[in-house]
Every structure is written in C-alpha cells, then in structure tokens.
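An overview of the molecular structure
In case you want the letters, here they are:
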Amino acid sequence: MASFNKVIVLGRLTRDVEIKTFSNGGKVAKIGLATDGNRKKDPQSGKWESEPVFLDCEVFNRGENGKLADVAEQYLSKGKPVLIEGKLTQQNWTAQDGAKRSKVVIVVDSFQMLDSKKSEDNDDGH
C-alpha cells in the first residue's frame, strides 16, 4: 500500500521562534501555530465558533532550502500569519517521571509569510 504525507496549514504563530543550534552547525527553528479547527454553534449565543488547533512545527537548515531556519528566525514572530507546507512526524521520548510521551510535529518544507493587514481585511469568519 502506498502512503502520502503532506500537510498544508494556514494559521498564526502562537509564540516567537525558538532556535536550537546543533554541534555540527545545523539549526532548527521551533514555532507554534494556531489554526481553526472544527466549527460549532454555541448553544447559548447561537453564534458559530471555531475551536483552535495548536500545532508544533520545526524548520531546519537542510536540503534544497538550506537556510530556511535562518529565514524563520529573522522574519517570523508571534501573531504573524503564515502558510506552512510540510510533513507529519511523530516524536517519542521518556519524561522525567519515566512515562512514555509522544507528539505529532510538522516538519516544514516551505513557508510563506502573509501580510497580516490583508489577511484581517479579507477574513469573513470561515
């Protein structure tokens, strides 16, 4: 059976970029992204609301986009809208209490910074 792992997400950064540099000179920029999840109607107000989905993303300096983490570090910051393309990966670790933990992370292949003014003006709530 063939498989396909590609994600395209549009959202806003939930925090400033966190940088980690490796001993071999590599770099990763870690970012958090919030995007709209399921829409549901609030039974009390009758208004439609979106539940946010919070995603962890990692941008590396490697491959064709050898300086992508550097670009993320320089231009991305909390609150900025961004379109991300990447693939899902699962990270596993053992916590300090000995419990096994895991989370799904988007490894970013490319991203596009969006103009926040235009994004806000064109937002029709969907």
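Here the structure is shown first, and the text comes after it.
Calculation criteria
- Residues numbered from 1 in each chain as written.
- Predicted model: local features only at pLDDT ≥ 70, side-chain atom pairs only at ≥ 80, totals over all residues.
- Heavy atoms only, no water.
- Helix = DSSP H or I, 4+ residues; strand = E, 2+ residues; numbered from the N terminus.
- Polar contact = N/O pair within 3.5 Å; in protein donor to acceptor, adjacent residues only side chain to side chain.
- Contact = heavy atoms within 4.5 Å.
- Pairing = 2+ DSSP bridges.

**What about the side chain of Thr35?**
Tracing the chain through its elements places Thr35 in strand S3 (residues 27-41). Of note is the side chain of Thr35, whose polar atom sits 2.7 Å from the backbone oxygen of Leu10. Residues in contact with Thr35, not counting those within four places in the same chain, are Val9, Leu10, Gly11, Glu51, Pro52, Val53 and Leu55.

**Quick notes on the environment of Phe60**
Summarising the element assignment, Phe60 is placed in strand S4 (residues 48-60). Residues Phe60 and Asp109, spaced 49 residues apart in sequence, show a C-alpha to C-alpha distance of 8.4 Å.

**Quick word on the pairing of strand S2 (residues 18-21)**
Relative to S3, S2 runs antiparallel, the two sharing 4 bridges. Of the residues in S3, the one forming a bridge with Glu18 is Lys30. The turn linking S2 back onto S3 is made up of 5 residues, and Gly25 within it adopts a positive phi angle of 95°.

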